[in-house]
Amino acid sequence: MTATDAQGLFVTTTLTITVEDVNNPPVLTAVDLSIAEHSPSATVIGQFTVTDADVTQTHAFSINAVTPAVAAAALSLNSLTGELKVADSSALDFEGYGVGNTAWTVEVAVTDSGSPPFSVSKTITLTLLDVGEAPVLGSTSYDLNENSVGVFTTLLMSDVDG
């Protein structure tokens with residue numbers, strides 16, 4: 001760099017400018033999802049993805065909240081890949097949650113390894129889908145005396161789907 005005054009005197013020096021990298025927040029991509037009731041444990045429900053201008057950083061996914069809270073037992077999130085899976089298939093019972101309670105909100109977060117670390121979150125809707133279930137016959141074994149006449153029993157059955 002050279003600086004010159006009105007009389008033509010000048011000075012030349014080297015100027016060093018250092019640009020310091022700052023941590024950029026990651027961008028979390030999430031879409032609403034659905035899962036059929038009674039899906040087996042380890043069934044993949046969906047995948048959350050992250051992009052980051054700081055390409056050398058690692059990222060950790062986590063579930064911040066699930067509403068209703070009891071539905072949280074049904075879910076697991078891989079902290080490295082962002083893959084959402086069924087953790088407990090017994091918690092995926094459409095009829096057990098009641099009509100109108102099968103659209104869950106799931107808040108997922110991702111945190112980068114920058115300094116300081118950035119964390120962002122997104123909330124999605126996870127819809128539990130009803131699957132038709134066969135009716136259940138109460139008893140399938142009855143005792144009947146030889147030469148009996150008339151009605152000897154009433155068959156009882158139930159159907160959780162109504």
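Residues numbered from 1 in each chain as written. Predicted model: local features only at pLDDT ≥ 70, side-chain atom pairs only at ≥ 80, totals over all residues. Heavy atoms only, no water.

Colleague: Help me out: how do you make sense of the overall build of the protein chain in this one?
Modeller: A tally of helices and strands in the protein chain yields one helix and 13 strands. Scanning the protein chain from its N terminus toward the C terminus, one meets helices and strands in the order β-β-β-β-β-β-β-β-β-α-β-β-β-β. For the protein chain, the proportion of contacts with a sequence separation of at least 24, taken over those separated by at least 6, is 60%. Within the structure as shown, the protein chain displays about 10700 Å² of accessible surface, and the carbon and sulfur contribution to it stands at 57%. (Helix = DSSP H or I, 4+ residues; strand = E, 2+ residues; numbered from the N terminus. Contact = heavy atoms within 4.5 Å. Areas by Shrake-Rupley, 256 points an atom, 1.4 Å probe, with all protein chains shown as cover.)

Colleague: I keep staring at the environment of Leu 92 and nothing clicks. Help me out?
Modeller: Along the polypeptide, Leu 92 turns up in the loop between strand S9 (83-86) and helix H1 (94-97). Separated by 17 residues in sequence, Leu 92 and Leu 75 have C-alpha atoms that sit 9.4 Å apart. With residues up to four places along the chain from it excluded, the contact list for Leu 92 reads Ile 35, Ala 36, Glu 37, His 38, Ser 39, Ala 74, Val 86, Trp 104 and Leu 128.

Colleague: Teacher, can you tell me more about the side chain of Asn 23 here?
Modeller: Its place among the elements puts Asn 23 in the loop between strand S2 (10-12) and strand S3 (27-29). There is a polar contact of 3.2 Å between the side chain of Asn 23 and the side chain of Asp 112. Setting aside its immediate chain neighbours within four residues, Asn 23 contacts Asp 54, Gln 57, Asp 112, Gly 114, Ser 115, Pro 116, Pro 117 and Phe 118. (Polar contact = N/O pair within 3.5 Å; in protein donor to acceptor, adjacent residues only side chain to side chain.)

Colleague: Hey, could you run me through the sheet that holds strand S5 (residues 44-47) in this one?
Modeller: The pairing of strands in a sheet comes from backbone hydrogen bonds and takes either a parallel or an antiparallel form. Here we have three strands laid out as an open sheet, ordered S5-S9-S8, and antiparallel in their pairing. The open sheet has two edge strands with one neighbour each: S5 and strand S8 (75-77). Sheet twist, expressed as the mean angle between neighbouring strand axes with direction ignored, is 20°. As paired elements, S5 and S9 share three bridges and run antiparallel to each other. When the bridges of S9 are listed, Gly 46 appears paired with Leu 84. (Pairing = 2+ DSSP bridges. Axes fitted to C-alpha atoms, helices over the stretch in contact; angles between N-to-C directions.)

Colleague: Is there a simple way to explain the pattern of salt bridges in this structure?
Modeller: Side-chain pairs of opposite charge can arise whenever the charged atoms involved come near each other. Here the structure, examined in full by the defined rule, presents one salt bridge. Across the salt bridge formed by Glu 83 and Lys 85, the nearest N and O atoms sit 3.6 Å from each other. Relative accessible area serves as the criterion here: at 22%, Glu 83 is assigned to the partly exposed category. (Salt bridge = Lys/Arg side-chain N within 4 Å of Asp/Glu carboxyl O. Buried < 20%, exposed > 50% of the residue type's maximum accessible area, 1.4 Å probe, protein only.)

Colleague: How do you make sense of a nonpolar patch on the surface when you look at a structure like this?
Modeller: A cluster of nonpolar side chains, Met 1, Leu 15, Ile 17 and Val 19, forms an exposed patch at the surface whose accessible area comes to about 510 Å². Relative to the helices and strands, Leu 15 is located in the loop between S2 and S3. (Patch = residues over 30% accessible without salt bridge, like charges linked within 9 Å, V, L, I, M, F, W, Y side chains within 5 Å.)

Colleague: Looking at this model, I keep getting lost on the side chain of Asp 54. Mind explaining?
Modeller: One can find Asp 54 in the loop between strand S6 (49-51) and strand S7 (59-67). Of the side chains with opposite charge, Lys 122 lies nearest to the buried Asp 54, which makes no salt bridge, at 17 Å. Contact partners of Asp 54, with chain neighbours within four places excluded, come to Asp 21, Val 22, Asn 23 and Asn 24. (Lys, Arg positive; Asp, Glu negative; His and termini not counted.)

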